[in-house]
Amino acid sequence: MSDDHKPKAASTAPELHGILAEYDTPDQLLNAARKVRGAGFEKWDTYSPFPVHGIDDAMGIKMTVLPWITLCAGLTGLGSAILMQWWMNAHDYPWLISGKPLWSIPANVPIMFELTVLFSAITTLVGMLMLNGLPHPSHPLDLVKRFARVTDDKFFLMIQASDSKFDEKDTRDLIDATHPVAVESVMEDRVTAENFPPALVYGLIVVTCGALVPVALAVKARHSKSDKPRIHLIQDMDAQPKYKAQRENSIFADGRADREALPGTVPVGHLNEDDHFFRGRAQGGWARTFPAQVDLSEETMARGKERFGIYCTPCHGQSGAGDGMVHKRAEALAQGGWIQPSNMTQEYVRNQPVGELFNTISNGVRNMPAYAAQIPPEDRWAIIMYVRALQRSQAGTLDDVPESERGSVK
Amino acid sequence: MATEKGKQDAGKSPKKSTEKASGGAGGGGKSDGNSGGSGPHYPGDNIRLGAVGQSLFTKAAGIGAVALVLAAVLGSMENDGFRRFSLSYVTAFTWLLALGLGALFWVTLQNLVNAHWSIVLRRIGEVLAASAPLLAILALPVVVPIFMGNSSIYAWSNTHQVEASHLLHHKAPYLNPTFFLIRFVVYFGVWTLLSRYFLKNSLAQDASKDGSGLMAKMRTAAGPGMIAWGLTMTFAAFDLLMSLDSTWFSTMFGVYFLASCVLSINSFLPLAAMWLQKRGVLTKSVTTEHYHDLGKMMFAFTVFWAYIAFSQFMLLWYANIPEETAWFKARFVGGWGGGWGLISAILLFGHFVIPFFGLLSRHIKRRRPTLAFWAIWQLVMIYIDMYWLVMPNADPAGPPFSLIDLACLVGVLGVFIAGAAMRAKNLNLMPTNDPRLPKSLAFENL
């Protein structure tokens, strides 16, 4: 508000807001506060450059309810965290991850802790502001010149005229008895139709209308269709003069950004010519024999067992029966959404050519992911060798047992 | 009425607040009339224990000695090569060690941060911290068998067991009797030197003309002292407690023990101060405000203990690696209702949830009987925590309660209190010449 029309307001409506007393020391303020409190006033306050020890007692300020509000907010935060995590993880979108229970308290404690603190902290701040009646953009004391020194070295006490015990003369006598350095009447600073500056009114109208423009644009954009690309406010390095994989490129006749290798060329190390070794194909079908590169030795078998232990047992189990740890845990939780891994010793898998098994490991099948990226071809063949041994062990006949041992098996 | 509080704070200027703080010593306090500037810095208060200290020494030493002998006799009747006794003794000793180390931490911390409020309590802390050499002697029943290579509870000290176990063999470069002897000397050496340093300089301050020089000297030592304390405390916790089960490891274990140390001293100090005040010592100097602050520290470290205990648990739980989870699995035997699982549940609720709400209110912290109740409660809980750490080694099925446990606890505590009483009886129980004393006496929580 501009200065020039304050005198006008004061001259038209000289209404008393309260009586202000100024003191030099905190002790004087404490004494004054005790006297004013003793006189039974209710609408009064003290002002000081720093928190004065003992002022709460002197003014008879009661303990704040803020701690209780904070406690309730903290408990609300705790409850919200429990409910939110239960609803998201165990109820609305149950999704089993590596055999962990869908609903388990330990995993949720960090969020419970965080939300308890968050709710408590925000509520304490907002509650403190609200209980203190803040923010308080204007106050009659703002117009009192001497009051500026409350931020420096002076101590003030004001009794409001709206107090039921207030009487202009008696109250002033009471204040005089506390030996203030200065006493001043504080005038009300009411905003009325006459003293409200017209420029401010028009300014506010303009600003309000201006503030509505972005909102209106957003509403319009949400309710109309456009074939233009979205406005990209923050570019980062999103748009770059280059072609990404799987994009269009008008330069080439086929319109593809990805270019195939030139006819008759192969990238270094990617020849992979041998269909049998690299893809398990031979004579137009799945290969029925191991490729020549694979050494059918004990060593390869040991390698196959080791790799099988690393990559296959978690789901398929040690014997390949489809009962690995991941399956067991998922089964034990009985929370649905789980399909048992295949038993690789059952007959139809036994009858599959080695080439088809190779393809299964390389490219995956049904729920099983592809392992070509993790297991090199020679190890895949070694694993197949071991799988064949497992299958054989589960489908053995008496003829497999050496003559000398047959007696003990029967 | 309080609408302008925000403005008061906003207008606070640093220059004025210091001026106020020094003025507040005479003006703001309830117990006005103490001389702020010249003459003795404390009000006419009794700060000597005198004959009461002598009688406490006699009683505590007597009870302690009888209890320790009783524990040893009961232990020998078990006919298990003192294994049960050793485990009971380690439980009681580490509980006491947490208190003694907590006192040293507390004294170092007050010096380090230049605390004003705690000056009236500092001497009590210094006296308790100075028990370090006594603790070294009390450690002998645990330590001597290790040196002799026939400890019944530390498998790593036994040559045959180390030979038989690949893991122990692997850990032998750290966990071996010789290196342990070196560490043991370093630990108690550091604690003795540090606690003696503070007590000696603090007493010299009483006699000096101007205490500010020694005050600055102690503050300078507190920084490196705190680092030394942190390292020695951590490795002592590894050696004495974690290595009982030498297959398990947790890098967080040191901080876990720290939580118990700090909670111990902040629970013990109010009890010690109340005991002294009942006998007419420090009656005017230690006020509700100081108890309130100790209560706040109790509350803070109750939460801190839970924070650390859960952090340690959750990391191991989430990773779910057998070699790490086995230790917790052994402590969940019996579920919620019995065995070690019940003790775990008692720790969860008794060491955290219940005291959390119990200590939340400021009224509870400002009332002596309620504060004393929670202080004793938490000291008991710290003992149960130590029991929970140690005793699954005695009986994997459940807590094997025995009179030996109680005898060991009473024994070491008796000796500790006797030592403190002997040290305290001829000393000023308040640093009379510390420049910060007037502020501490007039201290008020806002």
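Residues numbered from 1 in each chain as written. Chains lettered and ligands numbered in written order. Predicted model: local features only at pLDDT ≥ 70, side-chain atom pairs only at ≥ 80, totals over all residues. Heavy atoms only, no water.

Things to note about the domain arrangement of chain A
Residue and element names in this part refer to chain A.
Then, in step 1: The domains assigned to chain A are domain 1 (13–192) and domain 2 (275–396).
Then, in step 2: With centres defined by C-alpha atoms, the gap from domain 1 to domain 2 works out at 71 Å.
Then, in step 3: Taken together, the 5 residues of domain 1 in the interface contact 4 residues of domain 2.
Then, in step 4: Across the domain 1 to domain 2 interface the summed buried area is about 440 Å²; carbon plus sulfur atoms make up 67%. (Domains from an automatic or database assignment. Contact = heavy atoms within 4.5 Å. Buried area = accessible area lost by both parts, 1.4 Å probe.)

Side note on the side chain of A:Ser120
All names here are of chain A.
Then, in step 1: On the secondary structure map, Ser 120 appears in helix 5 (residues 105–131).
Then, in step 2: Since its relative accessible area comes to 15%, Ser 120 is described here as buried.
Then, in step 3: Discounting chain neighbours no more than four positions away, the residues touching Ser 120 are Thr 70, Ala 73 and Gly 74. (Helix = DSSP H or I, 4+ residues; strand = E, 2+ residues; numbered from the N terminus. Buried < 20%, exposed > 50% of the residue type's maximum accessible area, 1.4 Å probe, protein only.)

Description of the pattern of salt bridges
Residue and element names in this part refer to chain B.
Then, in step 1: Counted under the stated rule, the structure contains 20 salt bridges over all chains.
Then, in step 2: Among the salt bridges present, the one from Arg 84 reaches Asp 405, with a minimum N-O distance of 3.2 Å. With Arg 84 in helix 4 (residues 83–112) and Asp 405 in helix 18 (residues 403–424), this pair connects stretches of sequence that are 321 residues apart.
Then, in step 3: Between Asp 434 and Arg 122 there is a salt bridge, and its shortest N-O distance comes to 2.8 Å. Separated by 312 residues along the polypeptide, Asp 434 in the loop between helix 18 and helix 19 (437–441) and Arg 122 in helix 5 (residues 119–129) bring together distant segments of the chain. Of the two residues examined, Asp 434 and Arg 122, each falls in the buried class.
Then, in step 4: In this structure, a network of salt bridges that share partners links the residues Arg 122, Arg 123, Glu 126, Asp 206, Asp 434 and Arg 436. (Salt bridge = Lys/Arg side-chain N within 4 Å of Asp/Glu carboxyl O.)

A short note on the confidence of the model for chain A
Then, in step 1: Of the residues in chain A, 96% reach a pLDDT of 70 or more, and the chain-wide mean stands at 88.
Then, in step 2: Counted against residues more than four places away or in other chains, residues 1–11 of chain A, with its pLDDT under 50, gives 6 contacts. (pLDDT = per-residue confidence, 0-100.)

Some words on helix 13 (residues 288–319) of chain B
Then, in step 1: The end-to-end C-alpha separation of helix 13 of chain B is 47 Å, in line with the 46 Å expected for 32 residues at 1.5 Å each.
Then, in step 2: Immediately downstream of helix 13 of chain B, the backbone of B:Asn320 shows phi near 55°, a positive value. (Expected span 1.5 Å × (residues − 1).)

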